[in-house]
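Remarks on the overall topology
This is what each chain is made of:
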Amino acid sequence: WALVDRAQELIRVFQVDSSVFPGDDRTGYDFTKVQELDGVTYTLYQGTLYQGWEDFYQDMLSVFTVELFEKLNRSEDGGTFAGWGSERKLYFQDGARGTNLSYLSGDRYTLDAQYDNFIHLSRYSFYCAPEDMGKENPEPFSMKRSEIVLHQTPACYRVEEYSLPY
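Once a new chain begins, its residue numbering starts again from 1 and follows that chain's sequence as written. In keeping with the model being predicted, local features are shown solely for residues with a pLDDT of at least 70 and side-chain atom pairs are shown and tallied solely at 80 or more, while totals for entire chains, interfaces and linings include all residues. Working from all heavy atoms in the structure, the side-chain values ignore hydrogens and water.

1. Regarding the side chain of Asp107
In this fold, Asp107 is placed in strand β7 (residues 103-114). A polar atom in the side chain of Asp107 sits 2.9 Å from the side chain of Tyr103. In terms of polar contacts, Asp107 uses its side chain to reach the side chain of Ser125, at 3.3 Å. When neighbours within four sequence positions are excluded, Asp107 is seen to be in contact with Arg123, Tyr124, Ser125, Phe126 and Pro165. Runs of E in the DSSP output that reach at least two residues are strands. Runs of H or I that reach at least four are helices, and both are numbered from the N terminus. Here a polar contact means two N or O atoms within 3.5 Å. Within protein one must be a hydrogen donor candidate and the other an acceptor candidate, and residues neighboring in sequence count only if both atoms are side-chain atoms. We call two residues in contact when some of their heavy atoms are within 4.5 Å.

2. A closer look at unusual backbone geometry
Unusually for a residue other than glycine, Asn137 sits at a positive phi of about 50 degrees. Counting through the fold element by element, Asn137 comes out in the loop between β8 (118-128) and β9 (140-152). Owing to a relative accessible area of 62%, Asn137 belongs among the exposed residues under this scheme. Here's how the labels work: a residue is buried when its accessible area is under 20% of the maximum for its type, exposed when over 50%, partly exposed in between, all with a 1.4 Å probe on protein chains only.

3. Things to note about the pattern of salt bridges
A pair is scored as a salt bridge if a Lys or Arg side-chain nitrogen falls within 4 Å of a carboxyl oxygen belonging to Asp or Glu. Summed over the entire model, instances satisfying the criterion amount to five salt bridges. Measuring nitrogen to oxygen at the nearest pair gives 3.4 Å for the salt bridge that ties Asp112 to Arg145. With Asp112 in strand β7 and Arg145 in strand β9, this residue pair connects regions lying 33 residues apart in the sequence. Arg145 gets classed as partly exposed once you look at its relative accessible area, which sits at 44%. One salt bridge in this structure joins Lys135 and Asp132, with 3.1 Å as the shortest N-O distance. Salt bridges here are not isolated pairs; linked through shared partners, they connect Arg6, Glu9 and Asp59.

4. Overview of the packing of aromatic side chains
Here a Phe, Tyr or Trp ring, Trp counted by its six-membered ring, pairs with any other such ring whose centre lies within 6.5 Å, and the pair is stacked when the planes are under 30 degrees apart, edge-to-face when over 60, and tilted otherwise. Taken as a whole and judged by the stated rule, the model has 17 aromatic pairs. An angle of 50 degrees between the planes, with centres 6.4 Å apart, marks the rings of Tyr29 and Phe92 as tilted. Of this pair, Tyr29 sits in the loop between α1 (2-15) and β1 (34-37) while Phe92 sits in strand β6 (residues 89-92); the two residues are 63 residues apart in sequence, bridging distant segments of the chain. Residue class for Tyr29 comes out buried when judged on its relative accessible area of 13%. Here a set of aromatic residues connected by ring pairs shows up, and it is made of Phe14, Phe21, Tyr29, Phe31, Tyr45, Tyr50, Trp53, Phe56, Tyr57, Phe69 and Phe92. Across from the ring centre of Tyr162, 4.7 Å away, lies the NZ or CZ of Arg123, which sits over that ring. Only when the NZ atom of a Lys or the CZ atom of an Arg is both within 6 Å of the ring centre and within 35 degrees of the ring normal do we say a charge sits over the ring.

5. Looking at the nonpolar core
Generally speaking, soluble globular proteins have nonpolar side chains that are buried together. In these notes, a set of buried Ala, Val, Leu, Ile, Met, Phe, Trp, Tyr and Cys residues joined through side-chain atoms within 4.5 Å is what counts as a nonpolar core. Counting residues in each nonpolar core, the largest one holds 31 residues, and the members touching the most others are Phe56, Phe64, Phe69 and Phe81. Those elements that place two or more of their residues in this core are α1, α2 (53-61), α3 (66-72), β6, β8 and β9. Ranked by the residues each element gives to this core, the list is headed by α1, at six residues. Ignoring anything within four residues of it in the chain, the contact list for Phe64 reads Ala7, Leu10, Ile11, Phe14, Phe69, Leu72, Arg158 and Val159. Counting residues in each nonpolar core, the second largest holds five residues, with Val40, Leu44, Ala82 and Tyr91 among its members.

Following this line, the structure appears as structure tokens:
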């Protein structure tokens, strides 16, 4: 489960807030350190987890397949994260994207299938009614099933398919 939990943390970075890595220290961040590439403004990553693009990329590939990483790092106006220059520093597109406020924590998982090189899981996520958002202990109103696929690579399992429930 550690791989699935780590995938959720990192996908949140891609899809919700690209400047917040779990366990990172953003003390002293200077959001004016920017670089423009093809009309898109990127902010220099100044946290403590990664020394540059290569550290970041290798960490992502310890969790995701190359294909899922490339899909996650694609956006309408360029990649969320980029590395360039002789030092291959890490840059990101700054900005929070919001979440589904009706999402209730406490997902349930089932093992759907296990093959030689793949594991297929289903995640069942629950949501409260819009009028119950913000209430203490709201009852589930709806449910969504999503698929998680783990792919056995020569090194170990990597996440091949995953979507956030919120």
